[in-house]
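Next come the chains, spelled out residue by residue.
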Amino acid sequence: MWHTYNLVQVGDSACQLRVRGTNLQENEYVKMGAYHTIELEPNRQFTLAKKQWDSVVLARIEQACDPAWSADVAAVVMQEGLAHVCLVTPSMTLTRAKVEVSIPRKRRGNCSQHDRALERFYEQVVQAVQRHIHFDVVKCVLVASPGFVREQFCDYMFQQAVKTDNKVLLENRSKFLQVHASSGHKYSLKEVLCDPTVASRLSDTKAAGEVKALDDFYKMLQHEPDRACYGLKHVEKANEATAIDTLLISDELFRHQEVAARSRYVRLVDSVKENAGTVRIFSSLHVSGEQLSQLTGVAAILRFPVPELSDQEDSSSEED
């Protein structure tokens, strides 16, 4: 038995739950009071005890235990010579593979080196797709790129699938959706998920819902700034006026070192729900959660403007 636990992210592609502390029950392997560390993994049974279970923690446990909350979206974000193969889960974006191949420029009258390098690049991306995407779980595979790279890649992949009689790729061809992205870097995934075509295809996934909520907030901030606010004090003030329609909050805030601070965020979430508002909890490991963290980690779309917020902003400007 251990006193404390912490979540350790290893690189950009995997997470491990590592439990550490002093042993409270002696056995043949670990002495009483000795410090010990163990990593929890699938199919390893354990009991988790906590003095107080708040509503946010219980909701997250329920989601984690629901088989439907799995990585049902995959993405290949690419440009010539660079590709990221990602899994988009309801709580995070996992980069499963990064493919980099140097592509020589086309030369007048001689494109053979460029074409061979490009074919080698496409082949490595196809291998990464087959290795890391489980089509029995994934409902949609987004292939995103600038220009015609995505079209050329998909043509190559399915031509090779026909030649090699790759039934897995051929049977799941309808799951591939080609969309535009500004680059092959991971951050381009956010704009991909905002694409209306993608949003309609992924309308039943939590990740798409979070991205749309953040996009709606930015639009409101631009066109009707009186109906959008961020920062804990402003959001709490809006909640006191029962003005919050949608609360956007990062799960990072619920891991605050101070218990009082954590309780404050939980009370905010519970109060918004009691007032018939919608609560979107963003993961700090997801691209949308990273963006929300840059806005203090808490923001809100309001049903109506709150005059007190404007007065506070004017006072702050005068003090500055």
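Residues numbered from 1 in each chain as written. Predicted model: local features only at pLDDT ≥ 70, side-chain atom pairs only at ≥ 80, totals over all residues. Heavy atoms only, no water.

### Digging into the overall build of the chain
Move 1: The helix and strand inventory of the chain stands at 11 helices and 12 strands.
Move 2: Every one of the 320 residues in the chain was classed for burial, and the buried ones make up 42%.
Move 3: The long-range share in the chain, meaning contacts at least 24 apart out of those at least 6 apart in sequence, stands at 63%.
Move 4: For the chain, the accessible area works out to roughly 18700 Å², and carbon and sulfur atoms hold 48% of it. (Helix = DSSP H or I, 4+ residues; strand = E, 2+ residues; numbered from the N terminus. Buried < 20%, exposed > 50% of the residue type's maximum accessible area, 1.4 Å probe, protein only. Contact = heavy atoms within 4.5 Å. Areas by Shrake-Rupley, 256 points an atom, 1.4 Å probe, with all protein chains shown as cover.)

### Quick look at the packing of helix 8 (residues 232-240) against helix 9 (residues 259-274)
Move 1: Running from N to C, helix 8 and helix 9 cross one another at 35°; their axes reach a closest spacing of 11 Å. Pair helix 8 / helix 9 crosses with left-handed handedness. For the pair formed by helix 8 and helix 9, the contact residues are Leu 232, Val 235, Glu 236 and Asn 239 on the first element and Arg 264, Tyr 265, Leu 268, Ser 271 and Val 272 on the second.
Move 2: Within the contact of helix 8 with helix 9, the residues separate by chemical class into five nonpolar, two polar and two charged. (Axes fitted to C-alpha atoms, helices over the stretch in contact; angles between N-to-C directions. Left-handed = near helix turned anticlockwise from the far one by under 90°. Nonpolar A, V, L, I, M, F, W, Y, C, P; charged D, E, K, R; others polar.)

### Quick notes on the sheet that holds strand 6 (residues 93-100)
One key point about sheets: their strands pair by backbone hydrogen bonds, in either a parallel or an antiparallel sense.
Move 1: Read across the sheet, five strands follow the order 6-5-4-7-8 without closing on themselves; strand pairing throughout is mixed. In the strand order of this sheet, the two ends are held by strand 6 and strand 8 (176-180), each with one partner. Taken over all neighbouring pairs, the strand axes of this sheet differ in orientation by 20° on average, direction set aside.
Move 2: Examined bridge by bridge, strand 4 (residues 73-79) and strand 7 (residues 140-145) share five bridges and lie parallel to one another. Pairing of Val 76 across the sheet is with Val 143, part of strand 7.
Move 3: Lying over the sheet, helix 3 (residues 149-164) contacts strand 4, strand 7 and strand 8, oriented at roughly 160° with respect to strand 8. (Pairing = 2+ DSSP bridges.)

### Overview of the sheet that holds strand 9 (residues 228-230)
Move 1: Spatially, the four strands line up as an open sheet ordered 9-12-10-11, and their pairing is mixed. Taken across any chain shown, the strands that pair with only one partner, and hence form the sheet edges, are strand 9 and strand 11 (278-282). Neighbouring strand axes in the sheet, compared pairwise and without regard to direction, differ in orientation by 15° on average.
Move 2: Sheet topology places strand 10 (residues 244-250) next to strand 11; five bridges connect them, and they run parallel. Note on strand 11: the bridge partner recorded for Ile 249 is Ile 281.

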